[in-house]
Amino acid sequence: MTIRIYCERCGFVFYRGDELANPQEIIRRYGNRCPRCYKPLILDPKKISIKAKQR
Ligand SMILES: [Zn+2]
């Protein structure tokens, strides 16, 4: 399973990987805003893409 957390506006990827990460913690690490477009980040489960990898 690949977890991807990205900015909806500019597509900056904050996190991508197989490990189950805490999105809140990742967003906080960036100061609650996107480093590329400076959009304030609000944790919204609908904006977090979680895709199951087919084997
Ligand atoms: Zn952005």
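Preceding block: the structure.
Keep in mind that this is a model prediction, so the values were computed, not measured. (Residues numbered from 1 in each chain as written. Predicted model: local features only at pLDDT ≥ 70, side-chain atom pairs only at ≥ 80, totals over all residues. Heavy atoms only, no water.)

Caption draft 1: Representation of the pairing of strand E2 (residues 13-17). Judged from the four bridges that link them, strand E1 (residues 2-6) and E2 form a sheet pairing that is antiparallel. Pairing of Tyr6 across the sheet is with Val13, part of E2. Counting the residues between successive antiparallel strands, the hairpin from E1 to E2 contains six residues, one of them, Gly11, with a positive phi of roughly 85°. (Pairing = 2+ DSSP bridges. Helix = DSSP H or I, 4+ residues; strand = E, 2+ residues; numbered from the N terminus.)

Caption draft 2: Inspection of the nonpolar core at higher detail. One finds Ile3, Ile5, Cys7, Phe12, Phe14, Tyr15, Ile26, Ile27, Cys34, Cys37 and Leu41 forming the largest nonpolar core, which totals 11 residues. Looking at this core, the elements that each hand over two or more residues are E1, E2 and helix H1 (23-29). Once residues lying within four places of it in the same chain are set aside, the contact partners of Leu41 are Phe14, Ile27, Asn32, Arg33 and Cys34. (Core = buried A, V, L, I, M, F, W, Y, C linked by side-chain atoms within 4.5 Å. Buried < 20%, exposed > 50% of the residue type's maximum accessible area, 1.4 Å probe, protein only. Contact = heavy atoms within 4.5 Å.)

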